[in-house]
Amino acid sequence: MTTTRSTINRPRTGPSRLHRWGGTTAVAAVVLGGFLAGGQGTAAAEQSAPEPTSAASFTWRISEYVTSWLPGGTPGTQGTSTESGHVTRANNGSGWTFTDGVRSVSAAGVTTIAFDATVDIRPYTNFGIPTVQILIKNPVLSVDAAGTGTLKATVSSVGQTTSTPAVVATLADFTGATVTPDGTNPALSTFAATPSYAGTGVAPRVDSFPVTFVNALDASLQPFFFATGSTSGDPKKVAAPISGQWTAPGITVAGDGSPLPWGTSTLNITGKGYNPASPGVYLAVGPVDVRTTNPTDWNTNAALYSAFAWVRGGAGGDIAADGSFTTTLDVKPVPGQSKYAVYTFRAHGMPDRSQDSATAPFEFRFPFPDYPAAGEFAAPIAWMAQEGISTGFEVPGYSTREFKPNDNAARDAAAAFFYRLAGKPATPACTTAPFTDVKVNHQFCKEISWAKSVGLINGFTTGKYHSADPIDRAAFAAITYRFANNGARAPKCTSQPFTDVKVKDEFCGEIAWAAAQGITKGHDDGTFLPNEKITRQALAAFLYRLTHPAV
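We now turn to the structure provided with this report.

**Quick look at the overall build of the protein chain**
And then number 1: Scanning the protein chain from terminus to terminus reveals ten helices and 26 strands.
And then number 2: For the protein chain, buried positions account for 50% of its 551 residues.
And then number 3: At a minimum sequence separation of 6, the contacts of the protein chain that also span at least 24 residues come to 69%.

**Quick notes on the packing of aromatic side chains**
Any pair of aromatic rings gets described here by the distance separating the centres and the angle formed by the planes.
And then number 1: For the structure on display, the rule yields 30 aromatic pairs.
And then number 2: Ring centres 6.4 Å apart and planes at 65° place the aromatic pair Phe-174 and Phe-191 in the edge-to-face group. In this pair, Phe-174 sits in strand β11 (residues 163-174) while Phe-191 sits in strand β13 (residues 188-193), placing the two residues 17 residues apart along the sequence. Of the two residues, Phe-174 and Phe-191, both sit in the buried class.
And then number 3: The rings of Tyr-65, Trp-69, Tyr-124, Phe-127, Phe-209, Phe-213, Phe-224 and Phe-225 are connected pair by pair, giving a single aromatic cluster.
And then number 4: The ring centre of Tyr-465 lies 4.4 Å from the NZ or CZ of Arg-411, which sits over that ring.

**Brief notes about the state of the cysteines**
And then number 1: In the structure shown here, the tally under the stated rule is two disulfides.
And then number 2: Cysteines bonded in the protein chain are numbered consecutively along the chain; their disulfide partners then correspond to 1-2, 3-4.

**Points about the packing of helix α5 (residues 378-386) against helix α10 (residues 536-547)**
And then number 1: At a closest axis distance of 8 Å, the pairing of α5 and α10 adopts a crossing angle of 80°. By the angle between their directions, the pair α5 and α10 is classed as roughly perpendicular. Listed contacts from α10 to Ala-379, Pro-380, Ile-381, Trp-383 and Met-384 of α5 are Gln-537, Leu-539, Ala-540, Ala-541, Leu-543, Tyr-544 and Thr-547.
And then number 2: For the contact of α5 with α10, a count of residues per class yields ten nonpolar, two polar and no charged.

**Things to note about the sheet that holds strand β20 (residues 280-287)**
And then number 1: On the basis of which strands lie adjacent, the open sheet formed by four strands has the order β21-β20-β23-β24 and antiparallel pairing. Across the chains shown, the open sheet's two edge strands, defined by having one partner strand only, are β21 (306-312) and β24 (362-363).

**Points about the pairing of strand β9 (residues 133-143)**
Looking along a regular strand, one sees side chains alternate from face to face of the sheet.
And then number 1: For β9, the buried fraction is high: eight of the eleven residues fall into the buried class.
And then number 2: Judged from the nine bridges that link them, β9 and strand β10 (residues 149-158) form a sheet pairing that is antiparallel. By the bridge assignment for β10, Val-143 is matched with Gly-149.
And then number 3: Linkage of β9 to β10, two consecutive antiparallel strands, is achieved through a turn of five residues, within which Gly-147 is found at a positive phi near 90°.

**Here we look at the nonpolar core**
And then number 1: Counting 80 residues, the largest nonpolar core has Val-285, Phe-476 and Leu-543 as its most contacted members.
And then number 2: If we skip the residues at most four places from it in the chain, Leu-543 touches Trp-383, Met-384, Phe-417, Phe-418, Leu-421 and Phe-476.

**Side note on the packing of helix α8 (residues 473-484) against helix α9 (residues 508-516)**
Helix packing for two helices is described by the angle between their axes and how far apart those axes are.
And then number 1: Contact pair α8 / α9: the axes reach a minimum separation of 8 Å and the direction vectors enclose 70°. In terms of their interaxial angle, α8 and α9 are classed as roughly perpendicular. In contact with Ala-474, Ala-477, Ala-478, Thr-480, Tyr-481 and Ala-484 of α8, α9 contributes Glu-510, Ile-511 and Trp-513.
And then number 2: Counted by class, the contact of α8 with α9 contains seven nonpolar, one polar and one charged residues.

**Observations regarding the pattern of salt bridges**
And then number 1: Taken as a whole, this structure holds three salt bridges when the rule is applied.
And then number 2: The closest approach of N and O atoms between Asp-120 and Arg-122, which form a salt bridge, is 2.9 Å.
And then number 3: A salt bridge links Glu-394 to Arg-401; the nearest nitrogen and oxygen atoms lie 3.7 Å apart.
And then number 4: Judged by its relative accessible area of 64%, Glu-394 falls in the exposed class.

**Focus on the pairing of strand β19 (residues 265-272)**
And then number 1: By the bridge criterion, four bridges tie strand β18 (residues 250-253) to β19 in an arrangement that is antiparallel. Bridge assignment links Ile-251 to a residue of β19, and that residue is Gly-271.

**Examining unusual backbone geometry**
And then number 1: Phi angles above zero are rare outside glycine, and Lys-404 is one such case at about 55°.
And then number 2: Relative to the helices and strands, Lys-404 resides in the loop between β26 (401-402) and α6 (411-421).
And then number 3: The exposure class of Lys-404 is partly exposed, given its relative accessible area of 31%.

**Observations concerning α8**
And then number 1: Under the 1.5 Å per step criterion, the end-to-end length of α8 is 17 Å for twelve residues, consistent within 8% with the ideal 16 Å.
And then number 2: Counting buried positions along α8 yields ten of twelve residues, so the element is predominantly enclosed.
And then number 3: Within α8, burial applies to Arg-473, Ala-474, Ala-475, Phe-476, Ala-477, Ala-478, Ile-479, Thr-480, Tyr-481 and Arg-482.
And then number 4: Those residues of α8 that are buried lie in contact with α6, α9 and α10.
And then number 5: Measuring from the backbone nitrogen of Ala-474 back to the side-chain oxygen at the start of α8 gives 3.3 Å, which picks out Asp-472 as the cap.
And then number 6: Count one or two residues on from α8 and you reach Asn-486, which has phi positive near 55°.

**Focus: the environment of Thr-111**
And then number 1: Tracing the chain through its elements places Thr-111 in strand β7 (residues 111-115).
And then number 2: Among the residues examined, Thr-111 registers a relative accessible area of 0% and is labelled buried.
And then number 3: Measuring from C-alpha to C-alpha, the distance between Thr-111 and Asp-144 comes to 9.4 Å, with 33 residues separating the pair along the chain.

**Looking at the side chain of Asp-218**
And then number 1: When you line up the elements, Asp-218 lands in the loop between α3 (211-214) and β16 (226-228).
And then number 2: Taking the relative accessible area as the measure of exposure, Asp-218 reaches 6% and is therefore buried.
And then number 3: Apart from residues lying up to four places away in sequence, Asp-218 is in contact with Ser-157, Gly-159, Gln-160, Thr-162, Ser-163 and Thr-164.

The rules behind each value
- Residues numbered from 1 in each chain as written.
- Predicted model: local features only at pLDDT ≥ 70, side-chain atom pairs only at ≥ 80, totals over all residues.
- Heavy atoms only, no water.
- Helix = DSSP H or I, 4+ residues; strand = E, 2+ residues; numbered from the N terminus.
- Buried < 20%, exposed > 50% of the residue type's maximum accessible area, 1.4 Å probe, protein only.
- Contact = heavy atoms within 4.5 Å.
- Phe/Tyr/Trp six-rings, centres within 6.5 Å; stacked < 30°, edge-to-face > 60°.
- Lys NZ or Arg CZ within 6 Å of the ring centre and 35° of its normal.
- Disulfide = S-S within 2.5 Å.
- Axes fitted to C-alpha atoms, helices over the stretch in contact; angles between N-to-C directions.
- Parallel < 35°, antiparallel > 145°, perpendicular 65-115°, else oblique.
- Nonpolar A, V, L, I, M, F, W, Y, C, P; charged D, E, K, R; others polar.
- Pairing = 2+ DSSP bridges.
- Core = buried A, V, L, I, M, F, W, Y, C linked by side-chain atoms within 4.5 Å.
- Salt bridge = Lys/Arg side-chain N within 4 Å of Asp/Glu carboxyl O.
- Expected span 1.5 Å × (residues − 1).
- Polar contact = N/O pair within 3.5 Å; in protein donor to acceptor, adjacent residues only side chain to side chain.

In structure tokens form, the structure reads like this:
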């Protein structure tokens, strides 16, 4: 795939579809694994600068038992809670929602969303003991790529007679956490996790929360978080599920999802949610599975991608103040590969992977509907169309054209193919018939005349070319040799290249050369079948291998 143009434009007006990550400096955090970041790095200790994220939220009720003591719970008359910072509590027992987070992503692909919020629970206020307190600050939800993680927070408490100092404790741990993209907004993801603690341990203490959390509390408050006198535990004291949602920087490609025509197409790309103060973001087009099969960063895998552009951040850069940009990439598909995506990568070695993303796959329509895109000769046939060497045949009543891969190639078409492969050299109009059976008004008179003038073809001793006849495999090998060797003839054979090609055969030298160059592979039984007619798909393979020696 190649690119011929890349333009980047900063939108002057209009809101960002992917919310600009706005908000205050945060303390609480949600950490999401590499399955969110879309890539893997090498320096796990690196961490990006945070980006405000007004779209990020995190909801947690601690446990049914705790929230039942607060207004809106059942019975809901025992205690009160006070919230400060970016957090609210619903008066229906559903718990707290933290908002306006700050998001960053480590080089290892771990995303962190931080929230500036504090929850102050006074469980015995209505019992006349308002000083008893559970203070939870700065929760940090960490999740790895497999969905295993922990919820931590800074915890302190005040009991009736004693208190505990602030410590960072594990509130819950879990496996199998999920991140689910929104069906209508691919930049929006929802998170869900069920803590592993469901009443574990032995009587008289059955923990519903990790011991580090329970032990961080004053002894008079610990019964809120563990069940006593039962090995099954109190189901109301089980740590409640954790949920959240957020948007991430991302890109979209304009279009209705219809396949693009084969050949060069312009992709109109819009980016939202990027940090305008960052070095920017790289854009590249690659096969849909390239991120899966090569999940390392741009710097070590640049050769796997193409149609490259750098969207610059910083003063005078391409990213607008609201975090958006637009750009175009002119791309064309690699023969044999039809499905692609646009990928983003962190720019200039910065550790932030928060902008790593990929668009939904888009597809280039294979040029000829009568040949499968995954077929044996797909690459040569697609290349023939892409380079303008073959235009195929019209299909009456349809706008598409066919290649007719199994048809025999005609001698006049062969001359035309080589003429186009040579770059359509400037040739005078056909005013004189090059052969007695090729009139000046023949469709390929100019091409046949050129092929004769440069020594590719000689015709027959009768003065004819037999332009409409199919060309045999030996003759096509000879023309291919002459094309690659400035019209020269091949030296004589000294050994048989195939079992059915003798050293005395007219085109043995040319066939031997084609075999040595990998242009022809012959048949599985060791034969070449020189007198058989060459099909159009085999002809395409000959020319493709001629111009792609590594294939």
